[in-house]
Amino acid sequence: MDAKYAKVFQAKLDAPSFAKLSALNNDKLHAFVADAVELCQPDSVLVCGDDPAGIALIRRLAVENHEEAPLATPGHTVHFDNYPDDQGRDKEVTKYLVPKDDTLGKNLNAIEREAGLEEVRGFLRGAMKGRRMYVRFFCLGPTGSVFSISCVQITDSAYVAHSEDLLYRPGYEQFKKLGNETNYFCFLHSAGRLVNNISADMDKKRIYIDYTREVIYSVNTQYAGNTVGLKKLALRLAIRKADREGWLAEHMFVMGVAGPKDRVTYFTGAYPSACGKTSTAMIPGERIVGDDLAYFRAIDGQARAVNVEVGIFGIITDVNPQGDPVIHKVLTSPGEVIFSNVLVKDGKPYWFGMGQELPKEGVNFVGQWHIGKIDMTGNEIPPAHKNARYTISLRALANLDKQLDNPNGVPVGGIIYGGRDSDTSVPVQQAFDWNHGIIAYGASLESETTAATLGAQGVRTFNLMSNLDFLAIPLSKYIRNNLDFASSLQKPPLIFAANYFLKGTDGKYLNGMRDKGVWVKWMELRVHGEAEAIKAPTGMLPMYDDLKRLFKQVLNKDYSREDYIRQFTIRVGENLAKLERIDRIYRQDVADTPPVVMEVLAAQRKRLEALRAAKGDYVSPLEL
Ligand code: SPV
Ligand code: MN
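As the structure is a prediction and not an experimental result, all values here were calculated from the model. (Residues numbered from 1 in each chain as written. Chains lettered and ligands numbered in written order. Predicted model: local features only at pLDDT ≥ 70, side-chain atom pairs only at ≥ 80, totals over all residues. Heavy atoms only, no water.)

## Regarding the nonpolar core
Counting 163 residues, the largest nonpolar core has Leu140, Tyr295, Leu331, Tyr417, Trp519 and Tyr586 as the members making the most contacts within it. Among the elements that make up this core, the one with the highest residue count is helix H9 (residues 229-245) (eight residues). With near-sequence residues (within four places) excluded, Tyr586 lies in contact with Ala443, Phe462, Leu464, Ile479, Thr593, Val597, Met598 and Leu601. Grouped together as the second largest cluster of nonpolar side chains are 37 residues, Phe32, Phe137, Tyr172 and Val215 included. (Core = buried A, V, L, I, M, F, W, Y, C linked by side-chain atoms within 4.5 Å. Buried < 20%, exposed > 50% of the residue type's maximum accessible area, 1.4 Å probe, protein only. Helix = DSSP H or I, 4+ residues; strand = E, 2+ residues; numbered from the N terminus. Contact = heavy atoms within 4.5 Å.)

Shown next, in the form of structure tokens:
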């Protein structure tokens with residue numbers, strides 16, 4: 001180790017921490033940690049390896065620091081984030097540090113690199129005084145695999161470090177093997193000034209991404225989507241790395257769907273936050289590999305995907321024994337669970353949609369809470385947040401797929417794009433081919449906004465591949481990479497679109513929460529050529545008889561022809577209006593849109609116009 005770094009470390013690290021850092025013979029790492037120590041000025045630095053004792057210590061410190069409080073059930077804790085300003089991802093203050101001679105296009109949130117560094121490093125200066133700094137090593141994807149990306153996380157929050165133990169694979173031993181290589185991601189986080197253990201300086205919250213060095217700074221925030229480096233922060237760096245290296249980094253679940261006999265077919269799915277992604281990956285009877293982040297590579301001509309994570313940071317709202325029996329069991333049994341932004345009464349957590357009445361008083365993110373309590377602006381404070389969450393290890397789940405740690409991932413049979421769409425798309429359909437799916441479903445994805453990000457809810461928003469928030473390269477390049485991915489595959493996965501939120505003229509949802517269990521079975525059969533389909537202008541639709549049989553098989557339900565017609569009627573006008581919105585985005589807002597995008601959208605418009613001329617505005621699937 002260089003003497004100048006050793007000097008910095010000797011002042012703040014005890015012998016075991018110093019030994020752990022010295023064992024990593026990596027100049028860039030030593031420079032990164034030394035810079036963080038000098039900048040943030042912690043009282044002490046704790047370096048953890050992969051050993052269970054270190055991990056247990058972090059868990060204990062999160063409670064001793066009061067960032068988490070123990071609940072009545074053994075292993076359960078609760079953490080609170082600032083209300084109302086730190087309860088979701090903050091897109092406004094998340095920016096790329098872009099050097100003067102580079103541009104990421106006008107769709108991405110950017111700040112000039114030097115000015116941005118000065119600002120965020122200014123907020124980090126001295127931020128850890130009186131506190132301990134944690135240095136942790138994790139791996140994105142299975143270790144020892146072509147997918148693996150090593151990461152180092154520095155934080156002054158034991159809650160962040162504890163969350164990462166549940167969510168990611170240990171990476172210290174793998175880091176040792178890197179030698180002096182520099183191809184890993186670095187994250188530096190400070191929760192900033194705390195009031196009652198909650199980040200207080202919301203006007204100084206910043207998440208700045210220095211992609212030139214693969215370093216991300218996060219300060220004055222605790223919400224995991226803004227702080228846990230390996231989650232959405234790493235996704236941005238991974239998208240750039242994938243672009244350079246010819247693979248894909250996606251905001252997708254990975255799951256195995258059981259087919260006839262013992263067949264298992266793997267699907268991945270991109271849905272904007274709070275639009276059914278986790279609940280799809282958790283469909284009863286199927287197997288979960290992951291619920292949020294997937295890397296794809298072409299291996300021997302086959303599309304293969306891994307779950308980047310090994311845990312879930314999931315939305316707890318509406319988790320109840322009927323809708324999510326498996327997760328509900330984990331959340332109510334002894335074992336490691338971090339609840340965030342729920343209401344606590346007598347050591348028990350409460351959340352909206354838990355299938356039980358909430359107490360009229362308790363403790364939440366504002367401290368003592370009672371029904372009718374108002375905030376400083378006169379608004380009533382809710383008992384729990386809509387984006388309240390739980391953090392668990394996937395290994396606690398009975399339906400975990402055995403392939404989670406396969407270094408080559410799982411073969412992908414189908415890719416699903418889903419959105420929150422009350423009036424346009426049918427519940428499920430299949431693309432005509434790869435380009436049609438990538439363009440008409442993935443790159444045309446719209447969704448109504450939810451509580452997972454700060455800002456207004458229910459606003460229809462463009463969100464291509466549900467990955468727009470995390471794109472770190474120009475949109476056109478990202479679409480091109482998706483289109484090109486199929487050229488290295490013998491048989492590209494089929495592409496599907498799903499919409500669980502379609503409503504009828506009475507404003508009521510047309511589908512039940514569990515209908516998605518039927519849609520995935522239909523898709524599974526389609527992947528193997530075992531179900532027929534009807535050609536509509538927007539894609540291939542299921543046949544009534546197949547769905548009727550599958551509804552009986554999966555849900556023991558009689559599926560009526562009337563329900564089928566209502567759900568699968570092509571809403572021609574709404575589909576044309578959507579095409580117009582998407583067409584305008586690619587024509588006006590995106591530079592260098594690949595021409596094939598406009599061609600595929602134009603062909604879809606032609607098919608819809610022809611159908612309107614022949615059959616009108618609302619066309620039953622039986623008339624196609
Ligand atoms: C999402 O909002 O997409 C999440 C949670 O998965 S967060 O960590 O906030 O990104
Ligand atoms: Mn997500």
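## Comments concerning the pairing of strand E31 (residues 494-498)
Taken residue by residue, a regular strand's side chains alternate between the two faces of the sheet. Among the five residues of E31, five are classified as buried, and the element is accordingly described as predominantly covered. Residue alternation in E31 divides its side chains into two sets, Leu494, Phe496 and Ala498 and Ile495 and Ala497, and both sets are buried. The pairing of strand E27 (residues 410-418) with E31 spans five bridges and is classified as parallel. If you follow Gly414 over to E31, its bridge partner there is Leu494. As defined by bridge partners, strand E28 (residues 428-430) adjoins E31 across three bridges and the pair is classed as antiparallel. Residue pairing in the sheet places Gln430 in a bridge with Phe496 of E31. (Pairing = 2+ DSSP bridges.)

## What to know about the sheet that holds strand E26 (residues 389-393)
Strand order in the open sheet made by the five strands is E2-E3-E21-E26-E20, with mixed pairing throughout. Across the chains shown, the open sheet's two edge strands, defined by having one partner strand only, are strand E2 (69-70) and strand E20 (311-315). Strand direction decides the pairing type here: E20 and E26, joined by five bridges, are antiparallel. Bridge pairing links Ile315 to Arg389 in E26.

Everything listed here is a matter of geometry and, on its own, says nothing about what the molecule does.
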